[in-house]
Structure formats: structure tokens, C-alpha cells
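Residues per chain, in single letters:
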Amino acid sequence: MKERDSYGGLVTHRIPRGIVAEATARTMFTLTRHPPAPELAEFVEYHWVLRWDRRGKPPYEQRVLPNLAVHVTFFPGASGVHGPARDVFFHRLEGRVQGLGARFRPGTFRAFLGGPVRDIADRAVPLTDVFGPAAAAAAESVRTADDDAHMVHAVDNLLIANPVKLSPAAREAADAVETIARDPGITRVAQLCADTGLTTRSVQRVFAEHVGCPPKWAIRIYRLNDAAQRLVTEGQPDYAGLAVRLGYSDQSHFIRDFRTVTGQSPAEYARTARTVPAAPERAPDSNRT
């Protein structure tokens, strides 16, 4: 995974990215992030562009940890509006492909969807169901674009053509998620309520309507994404100490939670995340694809 960023936004909070087995992923595709048009900054955290060239090579299945964001994707055979997920996402890389995804700030997509975000949780819906026939033309522009700028421009134009505004409740939801993202010390819904001034019932309601999952699950996603990052970067992880730092009552609870979300124990995840293929393939140069 050759990763580049033209995304220059000021980020003061954690953004779960969750690419599993990054050592292997670096050899499989290129990833570049770009800021959205200024008119969309309230909604879109960034655009991400992926390119891969697997021609003459076996397909590769990439896993991505679940997160809270709605992603609007433009890929051949895999375009759609993807709601917040509880399970690991799998995508099969084969052939030569380029595409773009728009990552929306959790809590803001209801304005585009026109209904509760919980309705698209754990599933994807066609682009045209949300953005109309113009979405097909945008997807074709992304497929045939000569460079990242043309991809971003096509998707920005599609989103800008659907002008929306955030409701007060949506702002509450987005602010509540960013409260979690800014403060790793929030490990309980009661702490979130204390920090936001919302009652338990209110925070549950705005999360279901605008984020698409319960607040308890949102906190869990951030905790386990933090755990996944530490398992990759720490040479010999102290699982008991890590469980305490993440707010778990004991190591066994942490391990059960981690396995539920990722499908692997922390030790298995750490081992596969650091494993590099025996004969690494050269990642395609994103300037030439």
C-alpha cells in the first residue's frame, strides 16, 4: 500500500482507518487521500483514491475493520453507498482498477439519505437510490479519469448538485462522535453524556437516526481501532496493559471484544499484520495508472 496524502485538513481527532495486514497491503495497491471541495467540508472528511494492477497475478482479498463512517464509493462493480458496519469489510482486488470513495463525517449523511442512517447500517445501497441518475455519469467519470483531480472533481460536483443542510440534531450527533474521537478516555456512554450534556435517551436517539449505530458500539469501534494500531506498532504487546489503557475490566473481556469485531484474537491480528509476503510485489506507481 503506497500511501500519499494531499489531504491538508486540520484533524484534531482520531479517524479509524483499519486496513488489515498493512505490511501486505503496501504491496497490493496505492492509496491517496484528498480534501473535498470547500462547500462539502462540513460533510466529507476526505476522498480516498485506490489504484491496483493485479493483471497476471492472483486476486487479493483486502480486509478493512468496521468504522462509523458512511462511504460513497465509485469502483467498477462495487459502486454504492455503504452504511456504518459492524463486521470486517472484504474487497477482492483483481485486474487493473482505479476508483474513489468519499468518507463522510459520522452523523452527517442523513441529510443526503433523507432517512435514518440506521436503515443502511451493515449494508450498501445503489448510488442512484440516493443521488439519482447523475451518479452513473459520475461513476463513469471516475473510471475513465486521467488523474486524481478529475476523480475528485466529478464526485464533488455530484455532491454539490444535491445541496443539503445539517439539522441541529445532526450537528449534535456529529459533535458527539467527534467528542469520542478526541478523547480516548471515553469508554462508557455515561462519560459521553457528561461531556456532551445529552441525556442517555437523547444520545441513543441521535446516534440511531444520524450515525446508524448505538453510542456504545461507536465507542467500541474507536477503542478497538486504537488496539489494532497498537498491536501493529508495539513490538511485544502487553495485552493486559493494553486492555487497561482501553478501559476494559480485564484482559479476557478485551480479547473477546477484539475477536468479535475483527474475527481474530489480538495475537493472531498482530502476527498477520506484520507478515510480509515472501516475494513482495511492486506496488503500481499511481503516477502511471
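Check the entry above for the structure.
Fair warning: this is a prediction, and the values are worked out from it, not measured in the lab.

A. Representation of the layout of surface pockets within the structure. The calculated volume of the largest pocket comes to roughly 750 Å³. Considering the residues around the largest pocket, the lining is formed by 33 residues, among which Trp48, Val64, Asn67, His71 and Phe89 are closest to the centre. Listed by contribution, the elements that provide at least two residues to the lining of the largest pocket are strand E2 (30-34), strand E3 (44-53), strand E4 (60-64), strand E5 (71-74) and strand E7 (89-93). Take the lining of the largest pocket: its biggest share by element is four residues, from E3. Among the residues making up the lining of the largest pocket, the classes are represented as 19 nonpolar, seven polar and seven charged.

B. Representation of the pairing of E2 in the model. Among the five residues in E2, five count as buried, and that is most of the element. Judged by which residues are buried, E2 turns out to be covered on both faces: Thr30, Thr32 and His34 on one side and Leu31 and Arg33 on the other are all buried. Bridge count for E2 against E3 is five bridges, and the pairing is antiparallel. Paired with Leu31 across the strands is Leu50, a residue of E3.

C. Just the nonpolar core, in detail. Counting residues in each nonpolar core, the largest one holds 39 residues, and the members touching the most others are Leu68, Phe207, Phe254, Phe258 and Tyr269. Residue assignment for this core shows that the elements contributing at least two residues are helix H6 (168-182), helix H7 (189-196), helix H8 (200-211), helix H9 (215-233), helix H10 (239-245), helix H11 (251-262) and helix H12 (266-274). No other element matches H9, which puts nine residues into this core. Those residues in contact with Phe254 that sit more than four places away from it in its chain are Leu224, Ala227, Tyr239, Leu242, Ala243, Leu246, Tyr248 and Pro266. Phe104, Val117, Ala135 and Val142 belong to the second largest nonpolar core, which has 32 residues in total.

D. Representation of the pattern of salt bridges within the structure. Within the structure shown, the criterion is met by 13 salt bridges. Between Glu42 and Arg171 there is a salt bridge, with its nearest N and O atoms 2.5 Å apart. Of the two residues, Glu42 is situated in the loop between E2 and E3 and Arg171 in helix H6; the sequence distance between them amounts to 129 residues. By relative accessible area, Glu42 is classed as partly exposed at 31%. The partly exposed category is assigned to Arg171, whose relative accessible area is 38%. Between Arg259 and Glu268 there is a salt bridge whose closest N-O contact spans 3.7 Å.

E. Examining unusual backbone geometry more closely. Within the chain, Asp122 stands out as a residue other than glycine whose phi angle is a positive 65°. Residue position: Asp122 is located in the loop between helix H2 (110-113) and strand E9 (124-125). Judged by its relative accessible area of 42%, Asp122 falls in the partly exposed class.

Rules used throughout
Residues numbered from 1 in each chain as written. Predicted model: local features only at pLDDT ≥ 70, side-chain atom pairs only at ≥ 80, totals over all residues. Heavy atoms only, no water. 1 Å grid on protein atoms, 1.4 Å probe; cavity = no way out; pocket = protein on both sides within 12 Å on 5 of 7 lines; lining within 4 Å. Points joined across faces, edges and corners; volume = space filled by probe spheres on them. Helix = DSSP H or I, 4+ residues; strand = E, 2+ residues; numbered from the N terminus. Nonpolar A, V, L, I, M, F, W, Y, C, P; charged D, E, K, R; others polar. Buried < 20%, exposed > 50% of the residue type's maximum accessible area, 1.4 Å probe, protein only. Pairing = 2+ DSSP bridges. Core = buried A, V, L, I, M, F, W, Y, C linked by side-chain atoms within 4.5 Å. Contact = heavy atoms within 4.5 Å. Salt bridge = Lys/Arg side-chain N within 4 Å of Asp/Glu carboxyl O.

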